[in-house]
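Now for the letters of each chain:
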Amino acid sequence: MRIIIESDAAAVAVRAATRVADLIRRSPGCVLGLPTGRTPLGFYGELVRRHEEDGLSFSRVVTFSLDDYIGLPPHHSASFAAYMRRNLFDHVDMDPENTHVLDGGAEDLLVACESYEAAIREAGGIDLQVLGIGSNGHIGFNEPGSSLGSRTRVKTLTRETLEANASSFEDLDELPRLAITMGVATILEARSCLLLALGEEKALTVRDMIEGPITAQAPASALQLHPDVTALLDEGAASRLQRRDYYRHRS
Ligand code: GLP
């Protein structure tokens, strides 16, 4: 795994956006896997800025969102589909046909999961999967205990995740208990992964992901099995890494 430590969140956002912008310029029809959460907000802001100021075009880019809640009305502001529209899709020249989101409102969730996997295959696979990490080590909504061989499916959310995400809901009774997420194995099939983590509150989770054992109890640790992963961290998120000096000296 390549570890890059930047001074702060803004520098992480710029570096992540540069990686994606370079890929889009090289390969305008590339396929991106995209996360939600607070962490990638700066990154999306930077992509929008590059679209507006530098003419970065998303017209042929294909995207797959990582996950979404189950049971929210389609236009609910806390849905990840709404998040993607609000933070990226509505501000760039993306073709709506190319933006795939998981449908947590599907009548048959099993069929929705299988068609998502099929759509990824038909698009030729994901070139770059961008990821955040949950405080409990989840990627997407692959909560601790998720099979490292899992595919897109329904997951029950843990109490920690519900608490971490509660602020997006005005009415806590609306907080979904279930989510639909790409599986760990689905994520590992991407050609490259770029994981973003910010802040000291993620430091122990980040250490487990990078330096801990590979275990379903810390699903992000499965990224150690992938040949092309970059973890892009700010100082806070990197602060508990034991081999921090080595990562710095290497990059
Ligand atoms: C969310 C998403 C993840 C995201 C994580 C961290 O619930 N399912 O894809 O990476 O939790 O979110 P944040 O960046 O807000 O800490």
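Structure first, text after, so check above.
By convention here, each chain's residues receive numbers from 1 onward along its written sequence. Only residues with pLDDT of 70 or above have their local features reported here, since the model is predicted, and side-chain atom pairs are shown and tallied only from 80 upward, although totals for entire chains, interfaces and linings are computed over all residues. Hydrogens and water molecules were not included; the side-chain quantities draw on all heavy atoms of the structure.

Undergrad: Would you mind going over the side chain of Ser146 with me for this structure?
TA: Starting at the N terminus, helices and strands are each numbered in turn, a helix being any DSSP run of H or I of at least four residues and a strand any DSSP run of E of at least two. Assignment of secondary structure puts Ser146 in the loop between β6 (128-131) and β7 (153-156). Nitrogen and oxygen atoms within 3.5 Å of one another constitute a polar contact, given that in protein one can donate a hydrogen and the other can accept it, and given that sequence-neighbouring residues count only through two side-chain atoms. Looking at Ser146, its side chain comes within polar contact range of the main-chain oxygen of Glu143, at 2.7 Å.

Undergrad: Whenever I open this one, the site of the ligand confuses me. Can you help?
TA: We call a residue near a molecule or strand as soon as one heavy atom of that residue lies within 4 Å of the molecule or strand. Around the ligand, the surrounding shell holds 14 residues, and the nearest of these are Arg38, Thr39, Asp67, Asn165 and Lys202. Contacts to the ligand include Thr39, whose side-chain N or O atom sits 2.5 Å from an oxygen atom. Here Asp67 contributes a side-chain N or O atom positioned 2.7 Å from a nitrogen atom of the ligand. Tallied by class, residues from the shell around the ligand come to 4 nonpolar, 7 polar and 3 charged. Three residue categories are used. Nonpolar comprises Ala, Val, Leu, Ile, Met, Phe, Trp, Tyr, Cys and Pro, charged comprises Asp, Glu, Lys and Arg, and polar comprises the others, including Gly.

Undergrad: What exactly am I supposed to notice about the packing of helix α2 (residues 41-54) against helix α3 (residues 80-87) here?
TA: Packed helices, taken two at a time, are described by the angle their axes make and the gap between the axes. Each axis is a line fitted through C-alpha atoms, taken for helices only over the stretch in contact, and angles between the N-to-C directions span 0 to 180 degrees. At their nearest, the axes of α2 and α3 sit 10 Å apart, and the two run at 40° to each other. The orientation of α2 with respect to α3, classified from their angle, is oblique. Touching Leu41, Tyr44 and Val48 of α2 are Tyr83, Met84 and Asn87, all from α3. Residues belonging to the contact of α2 with α3 are distributed by class as follows: 5 nonpolar, 1 polar and no charged. Orientation categories follow fixed angle ranges, with anything under 35 degrees roughly parallel, anything over 145 roughly antiparallel, 65 to 115 roughly perpendicular, and all other angles oblique. Note on definitions: a residue-residue contact is assigned when non-hydrogen atoms from the two residues lie within 4.5 Å.

Undergrad: Would you explain the packing of aromatic side chains in this entry?
TA: Each aromatic ring pair is specified by the distance between its two centres and by the angle formed by the two planes. We call Phe, Tyr and Trp rings a pair once their centres come within 6.5 Å, taking the six-membered ring for Trp, and we label the pair stacked below 30 degrees between planes, edge-to-face above 60, and tilted otherwise. Applying the stated criterion across every chain, the model contains 8 aromatic pairs. Judged by centre distance (5.5 Å) and plane angle (85°), the rings of Phe64 and Tyr116 are edge-to-face. Of this pair, Phe64 sits in strand β3 (residues 62-65) while Tyr116 sits in helix α4 (residues 109-122), and the two are 52 residues apart along the sequence. We call a residue buried when its accessible area falls under 20% of the maximum for its residue type, exposed when it is over 50%, and partly exposed in between, using a 1.4 Å probe and counting protein chains only. The exposure class of Phe64 is buried, given its relative accessible area of 0%. Note on Tyr116: relative accessible area 5%, which makes it buried. Aromatic side chains Phe80 and Phe141 sit 5.5 Å apart centroid to centroid with 20° between the ring planes, which places their arrangement in the stacked category. Residue Phe80 is found in helix α3, and its partner Phe141 is found in the loop between β6 and β7; the two are separated by 61 residues along the sequence. Residues Phe80 and Phe141 agree in their burial class; the two are buried. In this structure an aromatic cluster arises from ring pairing among Tyr69, Phe80, Phe141 and Phe169. Looking at Arg243, its charged tip hangs above the ring of Tyr246, at a distance of 5.1 Å from the centre. Note on geometry: a ring has a charge over it if NZ (lysine) or CZ (arginine) is within 6 Å of the ring centre and within 35 degrees of the ring normal.

Undergrad: Honestly, a negative patch on the surface in this entry has me stumped. Any pointers?
TA: A contiguous patch of negative charge, built from Glu170, Asp171, Asp173 and Glu174, is present on the exposed surface. Note that Glu174 resides in the loop between α5 (159-165) and β8 (178-181). Accessibility expressed as a relative area gives 36% for Glu174, which makes it partly exposed. Patches in this entry comprise residues that are over 30% relatively accessible and not in a salt bridge; like charges within 9 Å are linked, as are nonpolar side chains (Val, Leu, Ile, Met, Phe, Trp, Tyr) within 5 Å. Every accessible area reported is derived by Shrake-Rupley at a probe size of 1.4 Å, with residue values counting cover from the shown protein chains alone. Each salt bridge in this description consists of a side-chain nitrogen of Lys or Arg and a carboxyl oxygen of Asp or Glu lying within 4 Å of one another. Under the counting rule used here, the positive set is Lys and Arg, the negative set is Asp and Glu, and His together with the chain ends is not counted. For the purpose of locating charges, the reference atoms are NZ of Lys, CZ of Arg, CG of Asp and CD of Glu.

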